[in-house]
There are 2 protein chains.
Amino acid sequence: MSATNRQIRLAARPVGEVKPEDWEHGSEPITEPGPGRFAGRTRVISLDPAMRGWLDDRPSYLPPVGIGEVMRAGSVVEVTASNHPGFQPGDHVVGTFGVQEYVVSDGRGAMKIDTSLAPPSTYLGALGMPGMTAYFGLLDVGALQDGETVVVSGAAGAVGSIAGQIAKARGCRVVGIAGGPEKCAMLTGELGFDAAIDYRAEDVRKALREHAPDGIDVYFDNVGGDILDAALTRLAMHARVVICGAISQYNNATPVHGPSNYLSLLVRRARMEGFVVFDYAKRYAEAAQEISALIGAGRVKVKEHVVRGTVDDFPAALQMLFRGENVGKLVLELA
Amino acid sequence: MSATNRQIRLAARPVGEVKPEDWEHGSEPITEPGPGRFAGRTRVISLDPAMRGWLDDRPSYLPPVGIGEVMRAGSVVEVTASNHPGFQPGDHVVGTFGVQEYVVSDGRGAMKIDTSLAPPSTYLGALGMPGMTAYFGLLDVGALQDGETVVVSGAAGAVGSIAGQIAKARGCRVVGIAGGPEKCAMLTGELGFDAAIDYRAEDVRKALREHAPDGIDVYFDNVGGDILDAALTRLAMHARVVICGAISQYNNATPVHGPSNYLSLLVRRARMEGFVVFDYAKRYAEAAQEISALIGAGRVKVKEHVVRGTVDDFPAALQMLFRGENVGKLVLELA
C-alpha cells in the first residue's frame with residue numbers, strides 16, 4: 001500500500017462519452033481522523049449509470065461533481081481508525097465516499113454493514129441503492145399488482161435484474177430486455193424470467209407483441225431511446241411506465257431522443273413517472289429486509305460483476321458500464 | 001332546404017395536413033325514422049382537434065373513420081319526427097351524429113339538452129366534451145390542489161380556456177400559452193388568467209421562468225412539441241403533466257416529436273399521464289353542474305367561435321382549427 005491516498009478527480013466536463021482525459025489521477029497525503037471522525041480504507045467502489053449525469057453541469061437531483069473534485073461514488077470502506085463512537089476499527093461501512101483509496105468521514109450518510117450476511121459488494125448492489133431503486137420503483141412508483149405483465153429494460157443490470165426477480169416473486173409475467181445472447185440466457189435461465197429480448201438482434205416491438213400479447217402493465221425503464229418507444233406501443237390500459245434511467249441517452253452529445261410514442265399514454269390512459277430513490281430513505285430497511293428474505297429463499301439471485309484493481313481502473317470500468325459489458329452489479333474491488 | 005341530406009364523407013386518408021380532396025361532398029335521400037327512432041335536422045356541428053386522429057388508420061381509443069363513411073362529429077340536432085318515446089319533435093339533442101344535414105338515430109349516445117339554459121353550441125363546448133375534458137383532466141388526472149401553479153397550453157381553445165378558468169376558480173395561479181397577442185390579451189383580460197405567453201412571439205422557456213418562478217405544479221398540455229418540452233424544464237417537484245392532446249403534432253407527416261426533456265420527470269419526481277374523457281361518462285353530470293354554476297356566477301366565460309354556413313364549409317372550418325384561427329370553441333352552425 002502506498003503512503004498516499006490515490007484519488008480520481010474530474011478534470012473536465014465530458015462531451016458525449018467520458019474520455020480518459022476527462023479524469024485526473026492524483027494523490028494526496030493520508031490524513032488522520034479528527035475528533036468525531038473515522039478513517040477507512042476503501043474496499044469496493046460502486047459503478048452506476050447515474051454517474052454520467054453527475055458529470056454534467058446542469059440542475060438535477062444532486063449538484064454536479066465539480067471540476068477538480070474527487071469523483072462521487074458509493075463505496076464500502078473498512079474502518080482503520082476512529083474517533084467516532086458509532087464506528088470501530090474493523091467495521092465495514094457503506095457511504096458515498098468517492099473514488100479514492102482512503103477516506104475520513106464524520107459518519108454522515110454512512111451506515112455500518114454486516115459482512116457475515118452478505119459480502120461488501122452486495123451492499124452496493126442488491127442490498128444497496130440498486131436494490132432499493134428496483135424495489136421502490138416497481139412497487140411504489142409502478143404500483144405493481146400481483147399477476148401483471150412487467151417488462152424491464154436493462155434487465156441484466158444491477159437494478160433491472162433485481163426488479164425483474166422481485167416481479168417474478170410477486171407472481172408476475174416478466175419479460176427482460178438486454179443486449180446479447182449471454183445476458184438473455186441468464187435472464188430466462190438462472191433468473192427465471194418468462195422471456196428475454198435481445199435488443200441487439202431482435203425487433204423489440206415485434207418481440208414485445210409476442211411476449212406480452214395482452215400488453216404491458218408495468219414498464220420499468222432503465223434505458224430510454226428506441227426501446228422506450230417500442231414499449232410505449234405495447235402498453236395495456238392504465239399501464240405505468242417507471243422512468244428509472246436512460247442509459248442509452250446519457251452519453252449523447254446531441255439532445256435526448258424523446259419518446260415519439262408518448263401519445264400512447266393518452267390512448268392507453270397510462271402514466272409515465274420518474275423517481276429518485278433517495279426520497280425513500282426512511283423505508284430502506286423495509287426494502288432491504290424483503291430483498292434479503294428473497295435472496296435467502298433463493299428467489300432473488302445476486303449477480304455481481306467484480307473488476308479487481310486500483311482506483312486507477314475506475315475510468316475503464318465506467319466505460320464497461322456504458323458499453324453494457326457488465327452482467328449484474330458492476331463494482332471495482334481494490335486489491 | 002334541399003330535399004336531400006348533404007353529407008361530408010372521408011374520401012382518402014390524409015397525409016399531413018387535411019386537403020380538400022380528402023373529403024367527398026355528397027348527398028343521399030332523407031329517410032324517415034323507423035320504429036324506435038327519431039329524425040333530426042342538424043343545427044350545430046362541433047370541430048375538434050381529436051378529429052385529425054380519427055382520420056388515421058391506426059389503433060386508438062376509437063376506430064378510425066372509414067373511407068367513404070360520413071365524417072364523425074359531435075353535433076346538436078333538432079328533432080323533426082320521432083318514433084322514439086324519449087325524443088319529441090322540437091327537442092334539441094346532442095350526440096355523435098356526423099357531418100350531415102339530417103340524421104336518423106335510435107337514441108343511443110344521444111342526450112336531450114335544455115336550450116333555455118344555454119345555446120346549443122355550448123353543449124358542444126363548455127357543457128360538452130371540451131368542458132368535461134377540462135374538468136376531469138385538471139381535477140382527476142392532474143389532481144389539482146387549490147393554490148397551485150397551473151400552466152395550460154392551447155389556452156385560448158375550447159378545452160384550454162375552460163381548464164384555465166376552472167383552475168382560477170380554485171384559487172390557482174394560472175398561466176396560459178396561446179398564439180398571438182389577441183388571444184393572450186383575452187386570456188389575461190376577459191378570462192382572468194394571471195399571465196399569458198404568446199408562443200409565436202416569445203421564448204416560452206424564458207417566459208415560464210418569469211411567470212412560474214416556483215415551477216409548474218400542473219401542466220395541462222393540448223399541443224405537444226416544443227411547448228411541452230419547454231414546460232418540462234420548469235416542473236415543480238411532484239408535478240403532474242396532463243396529456244390531453246398534441247395539436248402541433250397531428251398534421252405531422254413525419255414521426256411525432258417526442259419530449260426530449262422527459263427525464264425531468266425523474267429529476268422532479270413528476271408524472272405524465274394521458275386520459276380519454278369518455279372514461280368519465282358516469283360523472284359528466286357532476287362536471288356539467290359545476291361548470292354551469294361557474295358560468296352562472298360569471299367565473300367561467302364561454303368563448304365560442306361560430307362559423308355560419310353549410311356542411312360544405314366543414315373542411316375549411318377544420319383547417320381554421322389546425323391553423324389556430326379560432327378563439328374558444330369552434331362550431332359550424334348550419335343556416
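As the structure is a prediction and not an experimental result, all values here were calculated from the model.

**Q** What exactly am I supposed to notice about the overall build of chain A here?
**A** Of the regular secondary structure elements, chain A holds nine helices and 15 strands. Against the 2.2 N^0.38 benchmark of 20 Å for 335 residues, chain A shows a C-alpha radius of gyration of 20 Å, consistent with a compact globule. C-alpha atoms of chain A, sized along the principal axes, occupy 60 × 45 × 35 Å. Sorting the 335 residues of chain A into buried and exposed places 57% on the buried side. Counting only contacts in chain A whose residues sit at least 6 apart along the sequence, the fraction spanning at least 24 positions is 66%. With the model as given, the accessible surface of chain A reaches about 13400 Å², and the carbon-plus-sulfur share is 51%. Counting 33 positive and 39 negative side-chain charges, chain A places the centres of these two groups 3 Å from one another.

**Q** How should the domain arrangement of chain A be read in this particular structure?
**A** Size of an interface, as often reported, equals the accessible area lost when the parts are brought together. Residues and elements named next belong to chain A. Assigned domains within chain A: domain 1 (4-125 + 302-334) and domain 2 (129-278). Placing the centre of domain 1 and that of domain 2 at their C-alpha centroids yields a distance of 28 Å. With 20 residues of domain 1 at the interface, the matching set in domain 2 holds 18 residues. When the two sides are added together, the surface that domain 1 and domain 2 hide from each other amounts to roughly 1500 Å², 63% of it contributed by carbon and sulfur. Taken together, the links from domain 1 to domain 2 amount to one salt bridge. K303 serves as the salt-bridge partner of E190, at 2.9 Å between the closest nitrogen and oxygen. The interface formed by domain 1 and domain 2 contains six residue pairs in polar contact (both at pLDDT 80 or more). Per-class residue counts for the side of domain 1 that touches domain 2 are nine nonpolar, five polar and six charged.

**Q** Is there a simple way to think about the packing of aromatic side chains in this case?
**A** According to the stated counting rule, one finds 14 aromatic pairs over all chains in the structure shown. Seen in terms of ring centroids, F38 of chain B and F97 of chain B are 6.4 Å apart; in terms of plane orientation they differ by 85°. Their pairing is edge-to-face. In this pair, F38 of chain B is assigned in strand β3 (residues 38-46) and F97 of chain B in the loop between β5 (92-95) and β6 (102-105), connecting sequence segments 59 residues apart. According to the relative accessible area criterion, F38 of chain B is buried, its value standing at 0%. Accessibility expressed as a relative area gives 10% for F97 of chain B, which makes it buried. Centroid distance Y61 of chain B to F278 of chain B: 5.9 Å. Interplanar angle 55°. Geometry classified as tilted. You can see Y61 of chain B sitting in the loop between α1 (50-54) and β4 (75-82) and its partner F278 of chain B sitting in the loop between β13 (271-274) and α8 (284-296), a full 217 residues away along the chain. An aromatic cluster of three or more residues is present, and its members are Y135, F136, F275 and Y280 of chain A. The side chain of R72 of chain A reaches across the aromatic face of W54 of chain A, ending 5.1 Å from its centre.

**Q** Please clarify how the UniProt feature "domain: Enoyl reductase (ER)" (unreviewed entry) in chain A should be interpreted in this entry.
**A** Look at the UniProt record and you will see "domain: Enoyl reductase (ER)" (unreviewed entry) annotated at residues 53-332 of chain A. The distance from the first to the last C-alpha atom of residues 53-332 of chain A is 20 Å, and the span holds 28% helix and 22% strand.

Cut-offs applied
- As a convention, each chain's residues are numbered from 1 in the sequence order in which they are written.
- By the order in which they are written, chains take letters starting at A while ligands take numbers starting at 1.
- Local features are withheld for residues below a pLDDT of 70 in this predicted model, meaning they are given only at 70 or higher, and side-chain atom pairs are given and counted only at 80 or more; totals for whole chains, interfaces and linings count all residues.
- Here the side-chain values reflect all heavy atoms present in the structure, with hydrogen atoms and water set aside.
- Here a helix means four or more residues in a row that DSSP labels H or I, a strand means two or more in a row labelled E, and each is numbered from the N terminus.
- The quantity called the radius of gyration is restricted to C-alpha atoms. Its globule counterpart is 2.2 Å times the number of residues to the power 0.38.
- Burial here depends on accessible area, computed with a 1.4 Å probe over protein chains only, as a share of the maximum for the residue type. Under 20% is buried, over 50% is exposed, and the range in between is partly exposed.
- By definition in these notes, contact holds between two residues if any of their heavy atoms fall within 4.5 Å.
- Only the protein chains shown count as covering a residue, and every accessible area follows the Shrake-Rupley method with a 1.4 Å probe.
- In this tally, Asp and Glu contribute negative charge and Lys and Arg positive charge; neither His nor the terminal groups of the chain are included.
- Here the site of a charge means atom NZ of a Lys, CZ of an Arg, CG of an Asp or CD of a Glu.
- Delimitation of the domains relies on an automatic or database domain assignment.
- The quantity reported as buried area is the accessible area (1.4 Å probe) lost by two parts once they are put together, taken as the sum for both.
- Here, a salt bridge means any Lys or Arg side-chain nitrogen found within 4 Å of an Asp or Glu carboxyl oxygen.
- Under this definition, polar contacts are N or O atom pairs within 3.5 Å; protein pairs additionally need one hydrogen-donor-capable and one acceptor-capable atom, and for neighbouring residues in sequence, both atoms have to be side-chain atoms.
- Residues are grouped as follows: Ala, Val, Leu, Ile, Met, Phe, Trp, Tyr, Cys and Pro are nonpolar; Asp, Glu, Lys and Arg are charged; every other residue, Gly included, is polar.
- The pairing test for Phe, Tyr and Trp rings, Trp by its six-membered ring, is centres within 6.5 Å, and the orientation test on the planes gives stacked under 30 degrees, edge-to-face over 60, and tilted for anything in between.
- Only Lys NZ and Arg CZ are tested; either one counts as a charge over a ring when it is within 6 Å of the ring centre and within 35 degrees of the ring normal.
- UniProt positions are given in the numbering used here, feature names are shortened, and annotations may be inferred rather than shown by experiment.

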